[in-house]
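Descriptive analysis of the structure
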Amino acid sequence: MCTDNPGVWEYIANWARKHSIWVLAYGTGCGAIELPPTMTSRYDAERFGLRGAATPRQADLLIISGYLATKSLKRVIRTYEQMYDPKYVMALGSCTINGGMYWDSYNTIKKLDLYIPVDVYVAGCMPRPEAIIQGIISLQKRIEEGKAEGAKKYRENIEWYKKNQREVLGDDFLPDYTWNFEGGI
Amino acid sequence: MGMKILNIVAYPFIAFIVGMLYMGIARNIIGRIHRRWGPPVFQNLIDVFKLYRKREAGSHGVMFHLGPIIMVTGIVSCLYFVPLLNNGVWLKGFSFEGDLILVTYLMVLGSLGMALGVGQGGVPFGVMGVTRGLTRLIGLEIPYFIAIIVLMAHYNTASINKIMELQAGGITHWGMFKLPLAFIASLFSFWGMMGASPFDIPGAPQEVASGPATEFGGKYLALMMTSRGIFGFLKLTLWVDLFMGGAATILILIGKTFLLFLTVLFVSAVYSRFKVEQAVDFMWRYPTLIGLIALVIEMVR
Ligand code: SF4
């Protein structure tokens, strides 16, 4: 579990994690349209062990595909918190990086990293399937090196993340039990 | 003594590894049918290992915790009554007169344990999946039971081992050629029980978000996948034992089960999913009719 000095088991586990990434695609923006070609015959992401997950409980990777309205941000946070550690987040498109073409919109967020820990950003408007696969490969590298520890980061900096989330969501906020698994759910 | 223990320990492991590899091969072949490369054949083993190594798994209470465990226990204890090989002392399982009936009972124990666990999870998708699964079971079991009754009447025994022995001596003695109609009727149930596509009603990801498995993640899901792998191989072996003369060596067993598995695969790659009532309707109509004809022929003979 400790990443500075991973044991043999952790090493093998990271290898397995790298080759078996189950994807929960959250189609918030236009980028979602590039995900089906990534998974199907032409680009065949299943070669890398990628596979669609039906529910957050089973998923490893959450793909945020584009701009996030504050309303969908709330759902994204809830979904992210329901996933089990280790979990990764990939953000597609300029909109998740700096707002993209929605930079002065009144109801979208600009930088996803402020609300949940992002492992890889894929730039572009919109990124092609090749770019997504490139992103997956760099995520695999991070997993292998034991650097993809988003869940740990989220737990350690929970105060900061919750403060940022509260700033956009206001009083319309999520209950604690969605992220705190300590005493069971 | 040592050999006996080894025999018992080897049983679930062989079933698990072979079952998982079959599922991986299925994914790969389906990929080829879609004209893509598909994952490596050992992909499912990697998936299971990864799931066992997940650091968290939320539980909703004791029954939720026990559901997958009852599933694995039920399936493994069922496995011990299905002989993998038909002569020698290796991998013969426990057999007694009437074990076919016991196996038929134990085969549903796993799903029932699962249903209890899902109930405590309280997810509507899970409950829907269980309901759909149990409804489907009503359809699947009728032709299967009829085929089993024909088989028991024909060989005048309810012991899987005896049935295998009576089929010895050449391909013409196999149950599938002696009782072709019963075999065809049971084959439809078999496809259904294997979760092949026209009958993959309970865990339809597009409709009920993977049904009973919805709320299960991490180690619970790993246990469910483990038991799915073991159960798949168990059913393949049971059908080989009952209708294809059993197997003398492990290689023959793998050959025969793989042939049977290919029928499942090709059916599921081509057909789309039935609705719940369509599946039950279909099962009660054609396979049941074929099974009843086989029963009448058997009674007249
Ligand atoms: S980055 Fe471009 S393609 Fe992606 S969501 Fe924003 S506007 Fe749409």
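Located above this text is the structure these notes cover.
To start, this report covers the structure provided alongside it. (Residues numbered from 1 in each chain as written. Chains lettered and ligands numbered in written order. Predicted model: local features only at pLDDT ≥ 70, side-chain atom pairs only at ≥ 80, totals over all residues. Heavy atoms only, no water.)

What follows is about the pattern of salt bridges. For the structure on display, the rule yields 22 salt bridges over all chains. The shortest N-O distance in the salt bridge between Glu149 of chain A and Arg55 of chain B comes to 3.1 Å. Taken together, the residues Glu149 of chain A in the loop between α5 (129–144) and α6 (150–156) and Arg55 of chain B in the loop between α2 (43–52) and α3 (62–79) connect one chain to another. By relative accessible area, Glu149 of chain A is classed as buried at 15%. A single salt-bridge network, built from bridges that share partners, covers Glu10, Arg17, Asp85, Glu149 and Arg155 of chain A together with Arg53 and Arg55 of chain B. (Salt bridge = Lys/Arg side-chain N within 4 Å of Asp/Glu carboxyl O. Helix = DSSP H or I, 4+ residues; strand = E, 2+ residues; numbered from the N terminus. Buried < 20%, exposed > 50% of the residue type's maximum accessible area, 1.4 Å probe, protein only.)

Residue and element names in this part refer to chain A. Tracing the sequence through the fold places Cys95 in helix α4 (residues 94–97). Taking the C-alpha atoms as reference points, Cys95 and Lys111, separated by 16 residues in sequence, lie 7.9 Å from one another. When neighbours within four sequence positions are excluded, Cys95 is seen to be in contact with Gly66, Tyr67, Gly100, Met101, Tyr102, Ile109 and Lys110. (Contact = heavy atoms within 4.5 Å.)

Surveying the vicinity of the ligand reveals the residues Cys30, Gly66, Tyr67, Gly93, Ser94, Cys95, Met101, Tyr102, Gly124, Cys125 and Met126 of chain A. Each residue belonging to the shell around the ligand can be placed in one class, and the counts come to seven nonpolar, four polar and no charged. (Near = heavy atom within 4 Å. Nonpolar A, V, L, I, M, F, W, Y, C, P; charged D, E, K, R; others polar.)

Here we come to the interface of chain B and chain A. Opposite the 33 residues of chain B that make contact, chain A presents 32 residues. Carbon and sulfur atoms supply 51% of the area that chain B and chain A bury against each other, a total of about 2,900 Å² over both sides. On the chain B side of the contact with chain A, Lys50, Arg55 and Glu56 of chain B bury the most area, a combined 27% of that side's loss. Counting across the interface, chain B meets chain A through eleven salt bridges. A salt bridge links Arg51 of chain A to Asp47 of chain B; the nearest nitrogen and oxygen atoms lie 3.9 Å apart. Run the count over chain B and chain A and you get 23 residue pairs in polar contact (both at pLDDT 80 or more). Of all the secondary-structure elements, those providing two or more residues to the side of chain B that touches chain A are α2 and α10 (218–243) of chain B. Ranked by residue count, the leading element in the side of chain B that touches chain A is α2 of chain B, at six residues. Its residues placed into classes, the side of chain B that touches chain A shows 13 nonpolar, ten polar and ten charged. (Buried area = accessible area lost by both parts, 1.4 Å probe. Polar contact = N/O pair within 3.5 Å; in protein donor to acceptor, adjacent residues only side chain to side chain.)

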